[in-house]
Amino acid sequence: MFDCGEGTQIQMINYKIRRSRVNHIFISHLHGDHYFGLIGLINSFALLGRVQPLHVYGHAALKELIDFQFRLSDTQLPFQLVFHSFEKAGIVLEAKTYTVEIFPTRHRISCYGFIVREKKNLRRINIEETKKREIPFTAFAKLQAGEDYVELNGTIIRNNVLTVENDKPKTYVFCADTIFDEQLAPVIKDADILYHETTYPHTHLQKAAERFHSTTKQAAVIAKLSNAKKLLIGHFSAKYDELGIFEQETREVFPNTELALEGVTYLI
Ligand SMILES: [Zn+2]
Ligand SMILES: [Zn+2]
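Draft legend 1. Examining the overall build of the protein chain more closely. When its secondary structure is counted, the protein chain shows 10 helices and 14 strands. Each principal axis of the C-alpha atoms in the protein chain carries an extent, and together these give about 75 × 55 × 35 Å. Of the contacts formed within the protein chain by residues at least 6 apart in sequence, a portion of 62% connects residues at least 24 apart. Carbon and sulfur atoms make up 53% of the accessible area of the protein chain, which totals about 15,400 Å². For the protein chain, the distance from the average position of its 32 positive side-chain charges to the average position of its 32 negative side-chain charges is 4 Å.

Draft legend 2. Expanded view of the sheet that holds strand β5 (residues 98–104). Strand order in the open sheet made by the 7 strands is β4-β5-β6-β11-β12-β13-β14, with mixed pairing throughout. Since the sheet does not close on itself, it has two edges, and those belong to β4 (90–94) and β14 (257–259), each with one partner. Between one strand axis and the next, the sheet turns by 20° as a mean value, whatever way the strands run. Pairing between strand β11 (residues 171–174) and strand β12 (residues 193–197): 3 bridges, direction parallel. Bridge assignment links Tyr172 to a residue of β12, and that residue is Ile193. Relative to the sheet, helix α9 (residues 216–225) contacts β12 and β13 (230–234), its axis offset from that of β12 by approximately 150°. Where helix α10 (residues 244–253) meets the sheet, it contacts β13 and β14, and its direction lies at approximately 165° from that of β14.

Draft legend 3. Quick peek at the coordination of the zinc ion (ligand 2). Around the zinc ion (ligand 2), the protein contributes the donor atoms Asp33 (OD), His34 (NE2), Asp177 (OD) and His235 (NE2), which lie 2.1 to 2.3 Å from the metal centre. One can describe the donor arrangement at the zinc ion (ligand 2) as irregular, given that its 4 donor atoms subtend angles of 86 to 176° at the metal. For the zinc ion (ligand 2), all donor residues lie on one chain, and their spacing in sequence is D-H-x142-D-x57-H. The metal-metal distance between the zinc ion (ligand 2) and the zinc ion (ligand 1) is 3.4 Å, with Asp177 coordinating both. With Asp177 in the loop between β11 and α7 (184–187) and His235 in the loop between β13 and α10, this residue pair connects regions lying 58 residues apart in the sequence. For Asp177, a relative accessible area of 1% translates into the label buried.

Draft legend 4. How the structure looks around the coordination of the zinc ion (ligand 1). In this structure, His29 (NE2), His31 (ND1), His107 (NE2) and Asp177 (OD) serve as the protein donors to the zinc ion (ligand 1), at separations of 2.1 to 2.4 Å. For the zinc ion (ligand 1), the 4 donor atoms in the first shell make angles of 90 to 168° at the metal, a pattern classed as irregular. Between consecutive donor residues of the zinc ion (ligand 1), the sequence gaps follow H-x1-H-x75-H-x69-D.

Draft legend 5. Up close: α10. Looking at α10, one finds that the buried residues are Phe246, Glu249 and Thr250. The buried residues of α10 all sit within an arc of 95° when viewed along its axis, so they share a single face. Pointing more than 90 degrees away from the buried face of α10 are the exposed residues Gln248 and Glu252. The inward-facing, buried residues of α10 abut α9, β13 and β14.

Draft legend 6. Representation of the side chain of Lys230 within the structure. Note that Lys230 resides in strand β13. Lys230 gets classed as buried once you look at its relative accessible area, which sits at 18%. At 2.9 Å, the side chain of Lys230 forms a polar contact with the side chain of Glu258. Other than its neighbours up to four places away in sequence, Lys230 contacts Asp192, Ile193, Leu194, Phe254, Asn256 and Glu258.

Draft legend 7. Up close: the layout of surface pockets. When its volume is computed, the largest pocket comes out at roughly 2,200 Å³. Lining the largest pocket are 46 residues, and of these Met1, Phe2, Asp3, Tyr172 and Phe174 sit closest to its centre. Contributing elements (two or more residues each) for the lining of the largest pocket: α1 (8–14), β1 (24–26), β5, β6 (112–118), β11, β12 and β13. Considering only residue class, the lining of the largest pocket consists of 24 nonpolar, 12 polar and 10 charged. A volume near 150 Å³ is recorded for the second largest pocket. Lining the second largest pocket we find Lys120, Asn121, Leu122, Arg123, Gln144, Ala145, Glu165, Asn166, Asp167, Lys168 and Pro169. A breakdown of the residues in the lining of the second largest pocket according to their chemical character gives 3 nonpolar, 3 polar and 5 charged.

How each quantity is defined
All residue numbers here refer to positions counted from 1 along the written sequence of the relevant chain. The order in which chains are written sets their letters, starting at A; the order in which ligands are written sets their numbers, starting at 1. In keeping with the predicted nature of the model, local features appear solely for residues at pLDDT of at least 70, side-chain atom pairs appear and are counted solely at 80 or more, and the whole-chain, interface and lining totals rest on all residues. Only hydrogens and water are set aside when side-chain values are computed; all heavy atoms of the structure are taken into account. To qualify as a helix, a DSSP run of H or I must reach at least 4 residues; to qualify as a strand, a run of E must reach at least 2; elements of each kind are numbered from the N terminus. Here a residue-residue contact requires only that any non-hydrogen atoms of the pair lie within 4.5 Å. Residue-level accessible areas treat just the shown protein chains as cover; the underlying method is Shrake-Rupley with a 1.4 Å probe. Counted as positive: Lys and Arg. Counted as negative: Asp and Glu. His and the chain ends are not counted at all. To locate a charge, take NZ of a lysine, CZ of an arginine, CG of an aspartate or CD of a glutamate. In short, DSSP must find at least two bridges between two strands for them to pair. Axis angles are defined between N-to-C directions and span 0 to 180 degrees, where every axis is a line fitted to C-alpha atoms and, for a helix, only to the segment in contact. The rule for donors is simple: an N, O or S atom within 2.8 Å of the metal counts, and for Na, K and Ca the reach is 3.2 Å. Water is not among the atoms, so a site may look short of donors. Each label reflects the angles at the metal, where four donors whose angles all fall between 85 and 135 degrees are tetrahedral, four or six donors whose opposite pairs open beyond 155 degrees and whose other angles stay between 65 and 115 are square planar or octahedral respectively, and the rest are irregular. For every residue, the accessible area obtained with a 1.4 Å probe (protein chains only) is divided by the maximum for its type, and the residue is called buried under 20%, exposed over 50%, and partly exposed between those limits. Throughout, the arc means the angular range of directions from the helix axis out to the C-beta atoms. For the purposes of these results, a polar contact is taken to be a pair of N or O atoms within 3.5 Å, where, inside protein, one atom must be able to donate a hydrogen and its partner to accept one; residues adjacent in sequence count only when each atom of the pair is a side-chain atom. Using a 1 Å grid laid over the protein atoms alone, points where a 1.4 Å probe fits but cannot get out form a cavity; open sets with protein on both sides within 12 Å along at least 5 of 7 lines form a pocket; any residue with an atom within 4 Å of a point counts as lining. Grid points are joined across faces, edges and corners, and a volume is the space filled by probe spheres set on the points. Side-chain classes are defined by residue name, with Ala, Val, Leu, Ile, Met, Phe, Trp, Tyr, Cys and Pro counting as nonpolar, Asp, Glu, Lys and Arg as charged, and the others, Gly among them, as polar.

Dropping the structure here:
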């Protein structure tokens, strides 16, 4: 989970997201709209008797904040809370099928964005061919890794006969809150989906800069410069009920843009 605003628990219930599926929570920075839901969520995990460990990633001060709150309420968590503090850019989570990498954005306080990279996909076994040639299952791991197959009589069967190329590994980038910063482009390049904030329409260019936020067109320029395939925009200023202007302005520069709306699933 990336960031945990006030309404997170309610929306998890509304959209039937199982709590047990949340094992890693990343908090980009300590502005309230990005973490005010965290303590409540951790507390609910405790009340519901969670036993599996929970990993929380964020600024070192967040650990103090969590400890302080639970100390005051004399709460003992029935599960292990493992805290990972942000120190420098790089990989902070290496899971079996993906990694999560952090990078600093330019905001009013220390803030990090996240890159989720699928690990390089292995080659896919061509079941028809392996069946036909009676290749044993025990040889599959090596085939997936790209090796040729050697039969008992010494005949070599080329790997590309027995396997096919898999889809390219996917990348998702979450840019958190940030002022327009061209230097981000090489860091986040080639995302399949790039989430970038557009707090203001482009007419509020000045205000956006003063508050270390971005406008529609600025997000679109970053998407273009970084060669993103698709741009998701969000973090709209609460003054706007009508989001059409955000979508329209961003699409003028980067057509493959969508509004990040609550409850919608975006396929990467
Ligand atoms: Zn912020
Ligand atoms: Zn914010």
